[in-house]
Amino acid sequence: MKTMLTASKLTKNYRAKIKEPGLAGSIRAIRQPQYREIVAVDEIDLEVERGEMLAFLGPNGAGKSTTIKMLTGILTPTSGTMSVAGLVPGKDQRELAYRIGSVFGQKSMLYWHLPALDSFRLLGAIYDVESNVLQKRLDALVELLEIGEHLKTPVRKLSLGERMRCEVAASLLHKPEILFLDEPTIGLDVVVKAKIREMIRRINREEGVTVFLTSHDIGDVEQLCRRSVIINHGRMILDSTVDEIKRSYLHKKVIRVQYVMDIDCTALEGFKVLQCKGNEAVLEVDAKDSSMHDTMGRLMAVGEVADVTISGMPMEEIISAIFQQEDSRREKGGDDA
Amino acid sequence: MKRFFRKYGSVMRVAMQNSTVYTRNFIFGSLFFCLILFMFLQLWEKVAGERGLVAGYSINRLLWYYTVAEIVTLTRSDMLERLNNDIRSGDVAIQLLRPYQYLTSLFADAAGQIVLRLSINVPIGCLTALVLVGPLEGFQLIHLPFMILSILLGLFLSLSMEAVIGLTAFWTEDNSAFFWISQKLAFMLGLFLPLEMLPDWLRSIAVFLPYPYMMYAPARLASSFSWAEAAWLLPGQMAFGIAVFVLAQAVYGRGARMVNTNGG
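A. The sheet that holds strand S2 (residues 34-49) of chain A, seen in detail. Residue and element names in this part refer to chain A. One open sheet holds the 3 strands; their spatial order is S2-S1-S4, and the pairing between them is antiparallel. In this open sheet, the two strands that pair with only one neighbour each are S2 and strand S4 (79-84). Averaged over all adjacent pairs, the angle separating strand axes in this sheet is 25°, with direction ignored. One ladder, built from 5 bridges, connects strand S1 (residues 3-18) with S4; its direction is antiparallel. Residue pairing across strands places serine 8 opposite threonine 81, the latter belonging to S4.

Structure (structure tokens):
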């Protein structure tokens, strides 16, 4: 079986109580409660291959967590079908629990006051991992995640990065086939983020674990995933490779020019100037509007150039542009209607 | 079955380990226990006066009654707080991802805490009572297994009641009022007032409520054991224990279904 996860027309609607402001509104809400239907996830179709690392992106309230909760069997969908590791979440929940792992960045699986090793042993028992198998597995994970020196330290005394590595180890003890990572690098500094990403890459490469990642950190997406799915307002708006997304937006460039002498910033009129100070300027140009040859010619006419750096748009801005496009398309659609 | 015991036995063991962190709380709890027994003794000695009897209890039996009632009361786990916290924070949804039954794991966790607390509260309570009033009058070793069974059943019933109250967090923002009422009923119907001190009409109602079976039953059997009373108190404890536990499971089932529908 090559496909690890499928979802077809997956939909989740919630009923939210409406309450008018003020005391009268509160009383009315008790006497005659009124509800409105919220479409949290709207007919999402997904397919994830075994061993793939997929980034599942979207702004707050886009429906990412709701989708993960449905795929892990916590939430029952309103309609649609899904399958994870050949099982139906919710229906085959007990069996599925043994086949999936999860790390929720803001929720811990470890006992706060006890060394991580105690929590690992407990989780081993909960997941019915035999003691000798658990020990071997622990040895492998300790080496992979470099947590040997932290095993006997109470979790509350670990740094966030050390704790997160222990959380990842805890989620892998029972050898899951698919790992759901919800914001695994939230709150971590750049060095630790890089380390966690390297660990996830190794887990995927060496153990063949499929990774379903949600993150607000575009670095996670760029460095870990080849494919990303973007959702907004519960609907899937893009399913493409990360490279393809970048390519479609590569016509936008950020140019950093350093001149030999200080320049007059007004001479850069006609460019979108992001920053101009002393002998340095940062500009954003769209290759669709003017060729790079013309642009460079105009920049060289301003003064003697000492150095130039041309880079693509940061991924974060690309994603933000995709969301904005989608929002304005929806608004237009709404106006037309 | 082996898997079941390994799974929930591990939860219980880790809960015991985790509880050892709160040694300072244990020490303060123990001091409170000694103090409260001393206060009860002063109070009831004044009430008993020269007759030395209150509602048929001698001062010796009355203090042993309070010792056992307090052992059950003070041997609390954090079941209520855990449920409130897990349900409100949405952590309960994460727990549903694990291959175990969440409520059973909470009972195993509570059992771990209770074993540890009992191992401290029983010697402290008994030692304090011994120092204050001497050995229990009329104590026979043959009664001991029934006394222990009654204490355990009382603890199980109290725990199940806490579970039912804690699980109401699925529907209510604040369930502290339910706990407050339940605590006061337990206080009035057994902890502070043995049923023998209540008016007849109230006593006849109280026996149909679960509260006397939490503290009164074990304290009564420990302080004034009789086979006739054991014959109705122990089955009563079992019946209420099972009924409230089944109710907790049913309430949890409904709550978990709600999480499945509406999210954590």
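B. Region of the structure containing the interface of chain B and chain A. Facing 28 residues of chain B, the contacting portion of chain A comprises 31 residues. In terms of surface lost to chain A, no three residues of chain B exceed Arg6, Leu97 and Pro99 of chain B, which account for 26% of the buried area on that side. At the boundary of chain B and chain A, one finds 2 salt bridges. Between lysine 7 of chain B and aspartate 128 of chain A there is a salt bridge; the shortest N-O distance is 3.5 Å. Here chain B and chain A share 6 residue pairs in polar contact (both at pLDDT 80 or more) between them. Those elements that provide at least two residues to the side of chain B that touches chain A are helix H1 (2-19), helix H5 (91-95) and helix H11 (227-262) of chain B. Ranked by residue count, the leading element in the side of chain B that touches chain A is H1 of chain B, at 8 residues.

C. Spotlight on the packing of helix H5 (residues 131-145) of chain A against helix H7 (residues 190-207) of chain A. Residue and element names in this part refer to chain A. It is at 10 Å that the axes of H5 and H7 come closest, and there the two elements cross at 135°. Compared by their axis directions, H5 and H7 come out oblique. In this structure, H5 contributes Arg137, Leu144 and Leu145 to the contact, and H7 contributes Met199, Arg202, Ile203, Glu206 and Glu207. Of the residues belonging to the contact of H5 with H7, the class tally is 4 nonpolar, no polar and 4 charged.

D. Highlighting the packing of aromatic side chains. Enumeration according to the criterion identifies 24 aromatic pairs over all chains in this entry. A centroid spacing of 6.2 Å and a plane angle of 55° characterise the contact between tyrosine 65 of chain B and tyrosine 216 of chain B, whose relative ring orientation is tilted. With tyrosine 65 of chain B in helix H3 (residues 59-74) and tyrosine 216 of chain B in helix H10 (residues 216-223), this residue pair connects regions lying 151 residues apart in the sequence. Under the relative-accessibility criterion, tyrosine 65 of chain B is labelled buried at 0%. A centroid spacing of 5.7 Å and a plane angle of 70° characterise the contact between phenylalanine 170 of chain B and tryptophan 171 of chain B, whose relative ring orientation is edge-to-face. Of the aromatic side chains, those joined through ring pairs into one cluster are Phe40, Trp44, Tyr57, Tyr65, Tyr66, Phe187, Phe192 and Tyr216 of chain B. Here the basic side chain of arginine 298 of chain A rests over the ring of phenylalanine 271 of chain A, its NZ or CZ set 4.2 Å away from the ring centre.

E. Local environment of the state of the cysteines. Residues and elements named next belong to chain A. Inspection of every chain in the model, using the stated rule, returns 1 disulfide over all chains. Between the sulfur atoms of cysteine 265 and its disulfide partner cysteine 276 the distance amounts to 1.9 Å. Because the torsion about its S-S bond is -90°, the bridge between cysteine 265 and cysteine 276 counts as left-handed. Placement of cysteine 265 in the loop between strand S10 (252-259) and strand S11 (272-277) and of cysteine 276 in strand S11 is noted, with a sequence separation of 11 residues between them.

F. Looking closely at the nonpolar core. Counting 107 residues, the largest nonpolar core has Leu5, Leu46, Leu71 and Phe212 of chain A together with Leu167 of chain B as its most contacted members. For this core, the element with the highest residue contribution is helix H7 (residues 144-167) of chain B, accounting for 11 residues. Once residues lying within four places of it in the same chain are set aside, the contact partners of leucine 46 of chain A are Leu5, Thr6, Ala7, Leu54, Phe56, Leu71, Phe212, Arg227 and Val229 of chain A. Residues Leu110, Leu138, Leu151 and Ile200 of chain A belong to the second largest nonpolar core, which totals 59 residues.

G. Expanded view of the pattern of salt bridges. Enumeration according to the criterion identifies 25 salt bridges over all chains in this entry. Among the ionic pairs, arginine 137 of chain A bridges to glutamate 207 of chain A, the shortest N-O distance being 2.8 Å. Linking arginine 137 of chain A in helix H5 with glutamate 207 of chain A in helix H7, this pair joins segments that are 70 residues apart in sequence. For arginine 220 of chain B, the salt bridge goes to glutamate 196 of chain B, with nearest N and O atoms at 3.4 Å. Of this pair, arginine 220 of chain B sits in helix H10 while glutamate 196 of chain B sits in the loop between helix H8 (176-191) and helix H9 (200-206); the two residues are 24 residues apart in sequence, bridging distant segments of the chain. Assessed through its relative accessible area of 22%, glutamate 196 of chain B is described here as partly exposed. Through salt bridges with shared partners, a single ionic network connects Arg50, Glu95, Arg99 and Glu177 of chain A.

H. Spotlight on unusual backbone geometry. Residue and element names in this part refer to chain A. A positive phi angle is found at aspartate 128, which is not glycine, with a value near 55°. Position of aspartate 128 relative to the elements: it lies in the loop between helix H4 (116-126) and H5. Overall, aspartate 128 belongs to the buried group, its relative accessible area being 16%. Even without being a glycine, lysine 175 presents a positive backbone phi close to 50°. As for its placement among the helices and strands, lysine 175 is situated in the loop between helix H6 (160-172) and strand S6 (178-182).

I. Examining the sheet that holds strand S5 (residues 100-104) of chain A more closely. All names here are of chain A. Reading across the sheet, the 6 strands line up as S5-S6-S7-S3-S8-S9 and stay open at both edges, with mixed pairing between neighbours. Taken across any chain shown, the strands that pair with only one partner, and hence form the sheet edges, are S5 and strand S9 (235-241). Going across the sheet, the axis of each strand differs from the next one's by a mean of 15°, ignoring polarity. The pairing of S5 with S6 spans 5 bridges and is parallel. In the strand pairing of S6, valine 103 is matched with leucine 181. Along the sheet, helix H2 (residues 64-71) makes contact with strand S3 (53-57), S5, S6, strand S7 (210-214) and strand S8 (227-232), crossing S7 at roughly 150°. Where H6 meets the sheet, its contacts fall on S5 and S6, and the angle it forms with S5 comes to roughly 160°.

J. Representation of H3 of chain B. Here H3 of chain B is 16 residues long and its end C-alpha atoms lie 22 Å apart, about the 22 Å a rise of 1.5 Å per residue gives. Of all 16 residues making up H3 of chain B, 13 are buried, and the element is well covered by its neighbours.

Cut-off values and rules
- Residues numbered from 1 in each chain as written.
- Chains lettered and ligands numbered in written order.
- Predicted model: local features only at pLDDT ≥ 70, side-chain atom pairs only at ≥ 80, totals over all residues.
- Heavy atoms only, no water.
- Pairing = 2+ DSSP bridges.
- Helix = DSSP H or I, 4+ residues; strand = E, 2+ residues; numbered from the N terminus.
- Axes fitted to C-alpha atoms, helices over the stretch in contact; angles between N-to-C directions.
- Contact = heavy atoms within 4.5 Å.
- Buried area = accessible area lost by both parts, 1.4 Å probe.
- Salt bridge = Lys/Arg side-chain N within 4 Å of Asp/Glu carboxyl O.
- Polar contact = N/O pair within 3.5 Å; in protein donor to acceptor, adjacent residues only side chain to side chain.
- Parallel < 35°, antiparallel > 145°, perpendicular 65-115°, else oblique.
- Nonpolar A, V, L, I, M, F, W, Y, C, P; charged D, E, K, R; others polar.
- Phe/Tyr/Trp six-rings, centres within 6.5 Å; stacked < 30°, edge-to-face > 60°.
- Buried < 20%, exposed > 50% of the residue type's maximum accessible area, 1.4 Å probe, protein only.
- Lys NZ or Arg CZ within 6 Å of the ring centre and 35° of its normal.
- Disulfide = S-S within 2.5 Å.
- Core = buried A, V, L, I, M, F, W, Y, C linked by side-chain atoms within 4.5 Å.
- Expected span 1.5 Å × (residues − 1).

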